Amino acid sequence: MNRYLFILLFSVLCGGVVSAQSTCCTDSWKKAENREPLTEAECMAVADSIHKRYVTLDSHNDAALYLNHPERLARKVRNNAAGYTVVSGQVSFEKMKEGGLDAGFFAIYLGQKALDQRSLDSVYTLCSTELDLFKKYVGDHADEAEIAYCPSDLAKIKAKGKSIVVLAIENGYPIGKELSRLDEFYNRGVRYLTLSHNSANCICDASMDKEPERYGGLSDFGYKVIKRMNKLGMIIDVSHASSSTLADVLECSKAPVVATHSGAWEMKNHKRNLTDDEMRAIAAKGGVIQCATGRFFLSHLPKKDVTVKHLVDHIDHMKKIVGPDHIGLGTDFDGGGGVVGLEDCSKMKAITVEMLKRGYTPEELGKFWGGNFLRVWEEIINVSKKM
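Residues numbered from 1 in each chain as written. Predicted model: local features only at pLDDT ≥ 70, side-chain atom pairs only at ≥ 80, totals over all residues. Heavy atoms only, no water.

1. Quick word on the overall build of the protein chain
- Within the protein chain, the secondary structure is distributed over 17 helices and nine strands.
- A globule of 387 residues ought to have a C-alpha radius of gyration of about 21 Å, and the protein chain, at 20 Å, matches this closely.
- In terms of overall dimensions, the protein chain has a C-alpha envelope of 65 × 55 × 45 Å along the principal axes.
- In the protein chain, which comprises 387 residues, the proportion classed as buried is 57%. (Helix = DSSP H or I, 4+ residues; strand = E, 2+ residues; numbered from the N terminus. Rg over C-alpha atoms; globule rule 2.2 N^0.38 Å. Buried < 20%, exposed > 50% of the residue type's maximum accessible area, 1.4 Å probe, protein only.)

Right, here's the structure in full:
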């Protein structure tokens, strides 16, 4: 779908997008468009308007397993009370509403274990079970949320006043060595696959693997996975992939790729972060880099000292390297994400306020909060239709 038709559809479905001038002070909006300094109150007013006007999305959270198993969250809460720093329970439909976050990509996370057939079958069964449980959870909360299966669905669901869920799998481990499982998971609603987690699987090498690279990038099977994902119109997520894997994916994929939750290497030398050249390569392919929010991506400072400002420092660097059309946000909430001032998704507007203070325009923020990712997703679908 043409991006302008997409915007028009959203306007019609919502009964017409309320103009910026009518949703916040005209002068404040114009000042933001002209990159003029704003007061705190003006930033808040413009931020509120931006979150109403545009579809806002977080491209990665790990909340599904906690929502499937509330007892795990209860254990985490007890641990937090005992002094642990990782905060869980960061995502709920109620908190999404409070924070002006329309959509979340909810990943079924699978930790990497052995690659023997018994282990591959076991993790496939686990993934399948967790996916069914989470779809049931969303169905049981149908008055609050709905699953989206294509970019235009997000506008429709936003118009209903519901939170938007997009299904994902973090780690290609449950695919094993069977391409048919890609088709199966896609047909069950999964729209992106993170190729790996912290160790090599049957598809590729991972950035955090403590062992020497198994394949030097993609495996032979991995090349088939990329080709099949292109054919399905399934989003390829290269966060967690090794540099050699990323290079192979960019060379062989016919469609743009995304990094759903990564930081900038030049800002913090962490193996999970992307170098400037890697970000440029993703952008040149037409893809998008979604900035993660975990302290370990952002800074060497203690967790208690890392704030939204440090997060936006990374976003600033990404914008400097690839421009405003190739950046977005992937919090990694309930998987290690969050900083002071952004403890959960009820506080998403804090990012918008900080970015307004730094001179980002409403148009750029609309792109950042979802326009860029949706454009890339649409192009991935377009490529699949030509294969």
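We are not done yet, so read on.
2. A few points about the nonpolar core
- Ranked by size, the top nonpolar core spans 89 residues in total, and within it Phe-106, Ile-315 and Ile-351 carry the most contacts.
- Of all the elements, helix H15 (residues 308–322) adds the most residues to this core, at seven residues.
- Counting 23 residues, the second-largest nonpolar core is a separate cluster that includes Val-55, Ala-148, Ile-157 and Ala-255. (Core = buried A, V, L, I, M, F, W, Y, C linked by side-chain atoms within 4.5 Å.)

3. Brief notes about the packing of aromatic side chains
- Going through the model one piece at a time under the given rule, you end up with 10 aromatic pairs.
- Between Phe-368 and Trp-369, the aromatic rings sit 5.5 Å apart at their centres with planes inclined by 80 degrees, giving edge-to-face as the arrangement. Residue Phe-368 shares its accessibility class with Trp-369, and that shared class is buried.
- Here the basic side chain of Arg-181 rests over the ring of Tyr-124, its NZ or CZ set 4.1 Å away from the ring centre.
- Positioned above the aromatic ring of Tyr-360, the side-chain terminus of Lys-319 is 4.3 Å from the ring centre. (Phe/Tyr/Trp six-rings, centres within 6.5 Å; stacked < 30°, edge-to-face > 60°. Lys NZ or Arg CZ within 6 Å of the ring centre and 35° of its normal.)

4. Digging into the side chain of Ser-163
- With respect to the helices and strands, Ser-163 occurs in strand E4 (residues 163–170).
- Those residues in contact with Ser-163 that lie beyond four places of it in its chain are Phe-93, Met-96, Lys-97, Asp-102, Glu-144, Ala-145, Glu-146 and Ile-157. (Contact = heavy atoms within 4.5 Å.)

5. What to know about unusual backbone geometry
- Its identity as a non-glycine residue notwithstanding, Asn-171 has a phi of 110 degrees, on the positive side.
- If you trace the backbone, Asn-171 turns up in the loop between E4 and helix H10 (180–187).
- For Asp-334, which is not glycine, the phi dihedral falls at a positive 65 degrees.
- Position of Asp-334 among the secondary structure elements: in the loop between strand E9 (327–329) and helix H16 (349–357).

6. Let's talk about the side chain of Ser-196
- Within the fold, Ser-196 resides in the loop between strand E5 (190–194) and helix H11 (220–232).
- Given the relative accessible area of 0%, Ser-196 is considered buried.
- One polar contact links the side chain of Ser-196 to the main-chain carbonyl oxygen of His-240, over a distance of 3.4 Å.
- When sequence neighbours within four positions are dropped, the list of residues in contact with Ser-196 reads Asn-171, Gly-172, Asn-201, Cys-204, Asp-205, Ala-206, Ser-239, His-240 and Ala-241. (Polar contact = N/O pair within 3.5 Å; in protein donor to acceptor, adjacent residues only side chain to side chain.)

7. Points about a negative patch on the surface
- Judged by side-chain charge, Glu-94, Glu-98, Asp-143 and Glu-144 come together as a negatively charged surface patch.
- Considering the arrangement of structural elements, one finds Asp-143 in the loop between helix H8 (117–140) and strand E3 (145–147).
- Taking relative accessible area as the criterion, Asp-143 reaches 66% and is therefore assigned exposed. (Patch = residues over 30% accessible without salt bridge, like charges linked within 9 Å, V, L, I, M, F, W, Y side chains within 5 Å. Areas by Shrake-Rupley, 256 points an atom, 1.4 Å probe, with all protein chains shown as cover. Salt bridge = Lys/Arg side-chain N within 4 Å of Asp/Glu carboxyl O. Lys, Arg positive; Asp, Glu negative; His and termini not counted. Charge placed at Lys NZ, Arg CZ, Asp CG, Glu CD.)

8. Remarks on the environment of Ala-103
- Tracing the backbone shows Ala-103 in strand E2 (residues 103–109).
- A relative accessible area of 0% means that Ala-103 is categorised as buried.
- Between the C-alpha atoms of Ala-103 and Leu-232, which are 129 residues apart in sequence, the distance is 22 Å.
- Those residues in contact with Ala-103 that lie beyond four places of it in its chain are Thr-56, Leu-57, Asp-58, Met-96, Leu-154 and Ile-164.

9. Details of the packing of H15 against H16
- Relative orientation of the contacting elements H15 and H16 amounts to 65 degrees, with a least axis distance of 10 Å. When you trace H15 past H16, the crossing you get is right-handed. In this structure, H15 contributes Val-308, Lys-309, Leu-311, Val-312 and Ile-315 to the contact, and H16 contributes Ala-350, Ile-351, Glu-354 and Met-355.
- When the residues that make up the contact of H15 with H16 are grouped by side-chain class, the tally is seven nonpolar, no polar and two charged. (Axes fitted to C-alpha atoms, helices over the stretch in contact; angles between N-to-C directions. Left-handed = near helix turned anticlockwise from the far one by under 90°. Nonpolar A, V, L, I, M, F, W, Y, C, P; charged D, E, K, R; others polar.)

10. Remarks on the packing of H11 against helix H12 (residues 243–252)
- Where H11 contacts H12, the axes come no closer than 10 Å and their chain directions differ by 45 degrees. Viewed along their axes, H11 and H12 adopt a mutual orientation that is oblique. Two packed elements cross with a definite hand, and for H11 against H12 that hand is right-handed. Counting all contacts with H11, which are made through Tyr-223, Ile-226 and Asn-230, the residues of H12 involved are Asp-248, Val-249 and Cys-252.
- Within the contact of H11 with H12, the residues separate by chemical class into four nonpolar, one polar and one charged. (Parallel < 35°, antiparallel > 145°, perpendicular 65-115°, else oblique.)

11. Some words on H15
- Between its first and last C-alpha atoms H15 spans 21 Å; for 15 residues at 1.5 Å apiece the expected length is 21 Å, and the two agree.
- Residues of H15 that are buried: Val-308, Leu-311, Val-312, His-314, Ile-315, His-317, Met-318, Ile-321 and Val-322.
- Looking one or two residues beyond H15, the residue adopting positive phi is Gly-323, at roughly 90 degrees. (Expected span 1.5 Å × (residues − 1).)

12. Let's talk about the pattern of salt bridges
- In this structure the tally under the stated criterion is 22 salt bridges.
- The salt bridge involving Asp-132 is made with Arg-188; its shortest N-O contact spans 2.9 Å. Of this pair, Asp-132 sits in helix H8 while Arg-188 sits in the loop between H10 and E5, and the two are 56 residues apart along the sequence.
- Here Asp-132 falls in the partly exposed class, since its relative accessible area comes to 42%.
- On the basis of relative accessible area, Arg-188 is assigned to the buried category, the value being 16%.

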